[in-house]
Amino acid sequence: MRGVSTSIRGACLCGAIAFSVSPPYRWFAHCHCSMCRKHHGALFATGLGVAHDAFRWLDGTDEIVHYRATAAFERPFCRRCGSTVPAVSHDERYWHVPAGLLDGDLGAHPRTHIFTASSSPLAPLDDALPKHAAYPPGITLPIVEIPRARAASAAVSGNCLCGSVSFAAAAEPRRLVNCYCSLCRRSRAAAFGSTLLVGTDVFRWIRGQERVKRYALPAPRQYATDFCADCGSLAPSAPAGSATVMLPAGAIDTPLPRLPAVHLYVGSKAAWHEIRDAWPQFAELPPPERLTELFR
Ligand SMILES: [Zn+2]
Ligand SMILES: [Zn+2]
Ligand SMILES: [Zn+2]
């Protein structure tokens, strides 16, 4: 209908930073590069290209930490909650907007996968979209490899993007837990949150635990996220008193086997993302009788 605004609102997890975007989107792509995976803590990051006149900050620009991992572009994040927030892209005519921050139906779907040569073995790449090993044709930015730190004698180890925070676990996780709730989508600024569970008894910090900052939603809501205060990458998180540590799948540097998965809060999934595998799906949490089987 003519005259109806198509502008879509986006915000970080804590809500301090808010913005709006309008179509058309110059690109809508899943990026599998290790820098996006670490910064978002997710299996991959999904972003849209939005022209300057279709992008507007609504609130909170003073809360943005202007982190830069490479010379090409910034990877800004919210100082309070760690969500990755929009950045001026490699093509300065456009903003690169993390799709996970946006509300509602975008009326558009991702069109391509990039940096699939760096993809996680756990990432879904089973759709028919074009797949580019690195940048798509036409983009000539230098490709920067970030060092991977593999801890000796650890089954699993990982780092944040800036390297301040490093951790390891002596046993491999058994399952990949994907959560599509609006909070995980905002905290990762991604299609969904992907977490690997390990016991506190096998987990250790290698360095940087003191650089990890926690943001918790105000009570009575029970949701918290932990992130590197220096770069905004999602960090391992252990709820108080829990026997389990949640590792952000995107932070892992060691090769992982193709783990079984479970999909939670699928009832809150973004309309632009489609689940194509056959692992169990639950509209919210699994029923109590399946918790042991799925989370042992
Ligand atoms: Zn925030
Ligand atoms: Zn960091
Ligand atoms: Zn969630």
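Refer to the structure printed above.
On a predicted model such as this, the values are computed, not experimentally measured, just so you know. Every chain begins its residue count from 1, and numbering advances along the sequence as written. The lettering of chains begins at A and the numbering of ligands begins at 1, in the order of writing. Under the rules for a predicted model, residues below a pLDDT of 70 receive no local features and side-chain atom pairs below 80 are neither given nor counted, while totals for whole chains, interfaces and linings still include all residues. Each side-chain value is worked out from all heavy atoms of the structure, with water and hydrogens disregarded.

Q: In this structure, what is going on with the coordination of the zinc ion (ligand 1)? I would like to understand it.
A: Six octahedral donors around a metal ideally subtend angles of 90 or 180 degrees, whereas four tetrahedral donors ideally subtend 109.5 degrees. For the zinc ion (ligand 1), the full set of protein donor atoms is C12 (SG), C14 (SG), C78 (SG) and C81 (SG), and the range of their distances to it is 2.3 to 2.4 Å. Seen from the zinc ion (ligand 1), its four donor atoms lie at angles of 103 to 116 degrees, and the figure they make is tetrahedral. Donor criterion used throughout: N, O or S atom within 2.8 Å of the metal, extended to 3.2 Å for Na, K and Ca. Water excluded; incomplete-looking sites may result. Taken in sequence order, the residues that donate to the zinc ion (ligand 1) follow the motif C-x1-C-x63-C-x2-C. Both residues of the pair, C78 and C81, belong to the buried class. Donor angles set the geometry label: tetrahedral for four donors if every angle is between 85 and 135 degrees, square planar for four and octahedral for six if opposite donors exceed 155 degrees and the others are between 65 and 115, irregular for anything else. Three exposure classes are used, based on accessible area relative to the maximum for each residue type with a 1.4 Å probe and protein chains only: buried under 20%, partly exposed in between, and exposed over 50%.

Q: Got a minute to help me understand the coordination of the zinc ion (ligand 2) in this structure?
A: The coordination sphere of the zinc ion (ligand 2) contains the protein donors C160 (SG), C162 (SG), C228 (SG) and C231 (SG), at a distance range of 2.3 to 2.4 Å. Note that the zinc ion (ligand 2) binds four donor atoms; their angles at the metal cover 103 to 113 degrees, and the shape is tetrahedral. Owing to a relative accessible area of 5%, C160 belongs among the buried residues under this scheme. You can call C162 partly exposed: its relative accessible area is 32%.

Q: For this particular structure, what's the right way to read the sheet that holds strand 15 (residues 203–207)?
A: Strand pairing is assigned whenever DSSP detects at least two bridges linking the two strands. Numbered from the N terminus, helices here are DSSP runs of H or I no shorter than four residues, and strands are runs of E no shorter than two. One open sheet holds the three strands; their spatial order is 11-12-15, and the pairing between them is antiparallel. Whereas interior strands pair on both sides, the edge strands pair on one side only; in this sheet they are strand 11 (156–159) and strand 15. Averaged over neighbouring strand pairs, the angle between their axes works out to 20 degrees when direction is ignored. Sheet topology note: the strand 11/strand 12 (residues 166–169) ladder contains four bridges and is antiparallel. Bridging from a neighbouring strand, N159 pairs with S166 of strand 12. Comment: axis = line fitted to C-alpha atoms, over the contacting stretch for helices; angle = value between 0 and 180 degrees taken between N-to-C directions.

Q: Sorry, what's going on with the pairing of strand 9 (residues 94–98) here?
A: Every other side chain in a regular strand lies on the same face of the sheet, so the side chains alternate between the two faces. Strand 9 sits mainly inside the fold: four of its five residues count as buried. The sheet contact formed by strand 4 (residues 45–51) and strand 9 spans five bridges and is antiparallel. Bridge pairing links G49 to H96 in strand 9. Hairpin connection of strand 8 (residues 87–88) to strand 9: five residues between the antiparallel strands.

Q: Help me out: how do you make sense of the pattern of salt bridges in this one?
A: Where charged atoms of side chains with opposite charge meet at close range, the side chains can pair. Any Lys or Arg side-chain nitrogen found within 4 Å of a carboxyl oxygen on Asp or Glu counts as a salt bridge. Considering all chains together, one arrives at ten salt bridges under this definition. With a shortest N-O distance of 3.5 Å, E274 and R276 are connected by a salt bridge. In this structure, the salt-bridge partner of R290 is E293, at a minimum N-O distance of 2.9 Å. Here the residue R290 and the residue E293 both occupy positions in helix 3 (residues 288–295), the gap between them amounting to three residues, near one helical turn. Given the relative accessible area of 27%, R290 is considered partly exposed. For E293, a relative accessible area of 40% gives the class partly exposed.

Q: What exactly am I supposed to notice about the sheet that holds strand 3 (residues 28–31) here?
A: Either a parallel or an antiparallel arrangement is found when strands of a sheet pair, and the pairing is made through backbone hydrogen bonds. Reading across the sheet, the five strands line up as 8-9-4-3-10 and stay open at both edges, with mixed pairing between neighbours. Of all strands in the sheet, those bounded by a partner on one side alone are strand 8 and strand 10 (112–114).

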